[in-house]
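# Per-entry structural report
The primary structure of each chain is shown beneath.
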Amino acid sequence: MNAQIPLLNLFEYETTATEHLTQMALDYYAGGAWDEVTLRDNREAYDRIKLRPRMLMDVLNRSTRTTVLGQTLSMPILIAPMAFQCLAHPNGEVATARAASGLGTSMVVSTLATKSLEDVADGANQWRRENQEVIEQQEELASNNFWFQLYVHRDRGLTQALVERAQAAGYQAICLTVDSPVIGHREKDKRNQFTLPTGMSLANLTTLKDLKIPERFGESGLFAYFTEQINPALTWADLDWLCSLSPLPVVVKGILRGDDALKAVEHGANAVIVSNHGGRQLDGAIASIEALSEVVAAVSEQAEVLVDGGIRRGTDVLKALALGAKAVLLGRPVLWGLAVGGEAGVRHVLQLLRDELDIAMALSGCACVDDIDSSLVLPPKFGW
């Protein structure tokens, strides 16, 4: 980062990150499925939502603090699960975890991480040991709020072992991804014959079985991995099974319909994440923010609803909260921050978005997150 003229927003981080990533890594992080229609629409859908600010409200003392699944967070912004973060920086997921801990928010750690879930937790705990004075002054830094994202493998024993390891390492929730029975067709990865560089591995899986991203001529290694290892026969009964494995709350990620959200709750989910996997699975699927209101209406007070996809400004976070989200998850911009500046880059990305949200709240007449409601937005008429 330039010490004299710091990057001002998440878009500038994206542009700068291209200078720090290999073409294969950049295409993997930035790309979407097929024609990338849903990838683009995730961003453009936010621009179609207009704000209706309140005036003459006392916003002198403001707070972005909130709770998600009973956990206190400094902001309604979590870090979404993203694989292979060592492609962006040698410290990968550990650097991201330290940045999240330092700002009092939650990180969802991917099954396909390049640092083990134990190392990620240790990295966060190390930050806490180094910053005891700061922790004593801020309530939201008082505990580890991390979640573990789970892909259900064909090997049930492997899947159960991952849940048990996450619980033992102090993770606070299991986040089940349900939108990936097969992997979306990502032409950039196929063209690049995507695989992990020598010395980089699926750190959560090497101790259980010798699993790796294979090399396939003319094909994405990740596509081959999903074909061989991930269970495409997953049903709602498997969610029942997952909920029985531990006392941890279960979050279901990848919901785009109200009826599916309701089924998730009926089968034990404590929260759902409205998500189209960043436009990386079914191209032409509805933008996440467009699906949010239907999902919120379906589950009502039965479960918390979060949303990801396309968030780049604090006003986007405000719009998502106004439409009923409890919080949002931030994806690609975290990777841009990681590529540009490691732990400090991730921290700055989160700070920028948090500060933008604070300003947007003030200009909308909201002193706290609970003041944000549906009267603040004029959504377009989504759908047919």
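Heads up: the structure comes first, above all this text.
Report on the accompanying structure.

Turning our eyes to something else, we now look at the packing of aromatic side chains. Tallying each qualifying case throughout the model produces eight aromatic pairs. Where Y29 meets W336, the ring centres are 6.4 Å apart and the plane angle is 70°; that geometry is what we call edge-to-face. Separated by 307 residues along the polypeptide, Y29 in helix α2 (residues 23-30) and W336 in helix α14 (residues 332-363) bring together distant segments of the chain. With a relative accessible area of 3%, Y29 lands in the buried category.

On to the nonpolar core, then. Considering soluble globular proteins, one finds that nonpolar side chains tend to be buried as a cluster. Judged by nonpolar contacts, the single largest core of 107 residues is most densely connected at F84 and L112. In terms of residue count, α14 provides more of this core than any other element does, 14 residues in total. Setting aside residues up to four positions removed in sequence, L112 forms contacts with A83, F84, Y151, L202, L205, L222, Y225 and F226. Within the second largest apolar cluster, 14 residues are counted, among which are L73, A80, A173 and C175.

Attention now moves to the pairing of strand β9 (residues 271-274). The side chains of a regular strand alternate between both faces of the sheet. The side-chain alternation of β9 yields two buried faces, one formed by A271 and I273 and the other by V272 and V274. Pairing of strand β8 (residues 250-255) with β9 involves four bridges; the strand directions are parallel. Note that in β9 the partner of V251 across the bridge is A271. In this fold, the crossover linking β8 to β9 by way of helix α11 (residues 258-266) has right-handed handedness.

So, on to helix α12 (residues 288-299). Across its 12 residues, α12 extends 16 Å between first and last C-alpha, which sits within 8% of the 16 Å expected from 1.5 Å per residue. When α12 is considered as a whole, its buried residues turn out to be S288, I289, E290, A291, L292, V295 and V299. Among the structural elements, α3 (37-47), β8, α11, β9, β10 (304-308) and α13 (314-322) are those in contact with the buried residues of α12.

Rules and cut-offs
Residues numbered from 1 in each chain as written. Predicted model: local features only at pLDDT ≥ 70, side-chain atom pairs only at ≥ 80, totals over all residues. Heavy atoms only, no water. Phe/Tyr/Trp six-rings, centres within 6.5 Å; stacked < 30°, edge-to-face > 60°. Helix = DSSP H or I, 4+ residues; strand = E, 2+ residues; numbered from the N terminus. Buried < 20%, exposed > 50% of the residue type's maximum accessible area, 1.4 Å probe, protein only. Core = buried A, V, L, I, M, F, W, Y, C linked by side-chain atoms within 4.5 Å. Contact = heavy atoms within 4.5 Å. Pairing = 2+ DSSP bridges. Right-handed = clockwise from strand over helix to strand, strands pointing away. Expected span 1.5 Å × (residues − 1).

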